[in-house]
Amino acid sequence: METKQKTTEREQWGSKTGFLLAAAGSAVGLGNLWKFPYMAGKNGGGVFVFVYIAILVTIGFTLMAGELTLGRYTQLNALGAYRKISKKLTWVGAMGVLTAFLILSYYSVIGGWVINYIIKSVTGAISISDTETLGNMFGTMISNPIQPILYHAVFMIITLVIVFGGIGDGIEKASKIMMPALFIMIIALAIRSVTLPGASAGLEFFLKPDFSKLSIGLVLDALGQVFFSLSLGMGIIITYGSYLPKNENIPQSAVFIPVVDTAVALLAGFAILPAVFALGFEPSAGPGLMFVTLPAVFAKMPFGSLFALLFFVLVLLAALTSSISLLEVCVSYVVDEWKWSRKKTTMVLALAIFLIGVPTSLSFGPWADIKIFGKNFFDLYDFITSNVFLPLGGLMSCITIGWVWGTDNAIKEATSNGKVKFALAKVWCFLIKWVAPVAIGIVFYRSIF
Ligand code: PHE
């Protein structure tokens, strides 16, 4: 039967740690290390962090629990899960697959930059503390018409090779070492950055909300970032939930994953933003923030170039555990629905994703002036996925779980028929039926129309 593929996949996270690592691995990635700090920088710092955490607590946890529960109940991929609840909802799963496809196309471009920086750390090219030189070096790298596309290809090929062979022991074992290593590394970086002379302005910027900067656009950015960072709203967590054993404690996992994810994002903020101020950068510099600031911080540390190398390798690994989950969603959909072989699917999709990513790469250089709806390709892909598809997917999953499937059924599944404790079950029902969909709906409506 067609479920054979899924059964093999299900074995992959047979153990509790395996599942938690895979889910946390999907969640922790460039979204935390690269995107969160620059989004906070762009949106006035503390006020963004405040709104982000408010959304995380109300909507993030709620949907994490919801998607895990729906996945385990249906034991299906995203599309199949929605279809099982109602045929009319199949499109939500399909939209999730499309979102994963689009996100990966630009995610891989940024992954390529990371590979480039690994090489730059080996050659010592970035062991300089002069911020202007670092800024120029970054600008030259991303605006080159060919080089970043080659690195984007390398990132896609690595992702493809891992998904090709199935997510075997290797990644699981690597994650067990990599995640704690990344954690320690980023704590060390945060300490160095916070103690730089002149860092206090950055700390204040990051921690003290200036509510005069609050706007509906900021709230939509924060909402999109919560979904992006937690891998919510597109069926990845549903798919991962479908591999969970029936006695697994869902409420606990739904707290663990967002807590780890947010800790990494906040630490990345502490590592980057104080240094931005101490070294005289602009916090609103955008996607280059991590690449320009951190090398300067490393240059001010003993064994800096070694740390730089280690850091970018860890960032690459974190990006890969996310990118494989993005590709996997697309692959499992095509294998299940179109009955293609796994090999052919992986190859064709990876090639298509690579090609769609090329305009993103060019939009930082020769195509910078090509604008669609006033946005270059990178901004356009990012806006459509993070600010339109993910919130819409999240809204639909609230409606699906809270209203169509029903919270009684959901609670039964989440608590393994009452065997697992779910202290906040009533609060959760209220959040998923009312608070989350209404809040997402209002923000979405106000910011788009
Ligand atoms: N959550 C990942 C990150 O923060 C990115 C991602 C988004 C992965 C959506 C899967 C799905 O980098």
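Above this note sits the structure.
Residues numbered from 1 in each chain as written. Predicted model: local features only at pLDDT ≥ 70, side-chain atom pairs only at ≥ 80, totals over all residues. Heavy atoms only, no water.

Chemist: What is the right way to look at the packing of helix α6 (residues 90-123) against helix α7 (residues 131-143) in this model?
Modeler: The N-to-C vectors of α6 and α7 enclose an angle of 130°; their axes lie 11 Å apart at closest approach. Regarding the angle of α6 to α7, the classification is oblique. Regarding α6 and α7, the two cross each other, and that crossing is right-handed. Residue-level inspection shows Trp113, Asn116, Tyr117 and Lys120 of α6 in contact with α7, the latter providing Met137, Phe138, Met141 and Ile142. For the contact of α6 with α7, a count of residues per class yields six nonpolar, one polar and one charged. (Axes fitted to C-alpha atoms, helices over the stretch in contact; angles between N-to-C directions. Helix = DSSP H or I, 4+ residues; strand = E, 2+ residues; numbered from the N terminus. Parallel < 35°, antiparallel > 145°, perpendicular 65-115°, else oblique. Left-handed = near helix turned anticlockwise from the far one by under 90°. Contact = heavy atoms within 4.5 Å. Nonpolar A, V, L, I, M, F, W, Y, C, P; charged D, E, K, R; others polar.)

Chemist: Help me understand the side chain of threonine 385, please; the structure alone is not making it clear to me.
Modeler: Considering the arrangement of structural elements, one finds threonine 385 in helix α17 (residues 377-414). Residue classification places threonine 385 among the buried positions, given a relative accessible area of 0%. Setting aside residues up to four positions removed in sequence, threonine 385 forms contacts with Thr99, Leu102, Ile103, Tyr106, Leu390 and Pro391. (Buried < 20%, exposed > 50% of the residue type's maximum accessible area, 1.4 Å probe, protein only.)

Chemist: For this particular structure, what's the right way to read the packing of aromatic side chains?
Modeler: The relative placement of two aromatic rings is captured by the distance of their centres and the angle of their planes. For the structure shown, the criterion picks out 29 aromatic pairs. For the ring pair phenylalanine 206 and phenylalanine 270, a centre distance of 5.1 Å and an interplane angle of 80° mean the geometry is edge-to-face. Here phenylalanine 270 lies in helix α13 (residues 250-278) and phenylalanine 206 lies in helix α10 (residues 200-207), a separation of 64 residues in the sequence. Aromatic ring contacts, followed pair by pair, group Trp34, Tyr38, Tyr106, Trp113, Tyr117, Phe138, Phe291, Phe298, Phe311, Phe312, Phe364 and Phe378 into a single cluster. One Lys or Arg, lysine 84, reaches over the ring of tyrosine 73 and ends 5.3 Å from the middle of that ring. Over the ring of phenylalanine 383 we find lysine 375, and its NZ or CZ is 4.7 Å from the ring centre. (Phe/Tyr/Trp six-rings, centres within 6.5 Å; stacked < 30°, edge-to-face > 60°. Lys NZ or Arg CZ within 6 Å of the ring centre and 35° of its normal.)

Chemist: Sorry, what's going on with unusual backbone geometry here?
Modeler: Most peptide bonds take the trans form, and the phi angle of most residues other than glycine is negative. A positive phi angle is found at glutamine 75, which is not glycine, with a value near 55°. Tracing the sequence through the fold places glutamine 75 in the loop between α4 (46-74) and α5 (78-85). You will see that serine 416, though not glycine, has its phi angle at about 50°, which is positive. Checked against the element boundaries, serine 416 lands in the loop between α17 and α18 (425-448).

Chemist: Teacher, can you tell me more about the pattern of salt bridges here?
Modeler: Side chains that differ in charge, positive against negative, can pair when their charged atoms come close. A full pass over the atoms with the stated rule returns eight salt bridges. For the salt bridge of aspartate 221 with lysine 42, the shortest nitrogen-to-oxygen distance reads 3.2 Å. Of the two residues, aspartate 221 sits in helix α11 (residues 216-230) while lysine 42 sits in helix α3 (residues 30-42), which places them 179 residues apart along the sequence. Look at aspartate 221 and you get buried, because its relative accessible area is 9%. We note a salt bridge from arginine 72 to glutamate 413, for which the minimum N-O separation is 2.9 Å. Here arginine 72, found in helix α4, pairs with glutamate 413, found in helix α17; they are 341 residues apart in sequence, far enough to count as distant. One continuous salt-bridge network, built from bridges that share partners, spans Arg72, Lys246 and Glu413. (Salt bridge = Lys/Arg side-chain N within 4 Å of Asp/Glu carboxyl O.)

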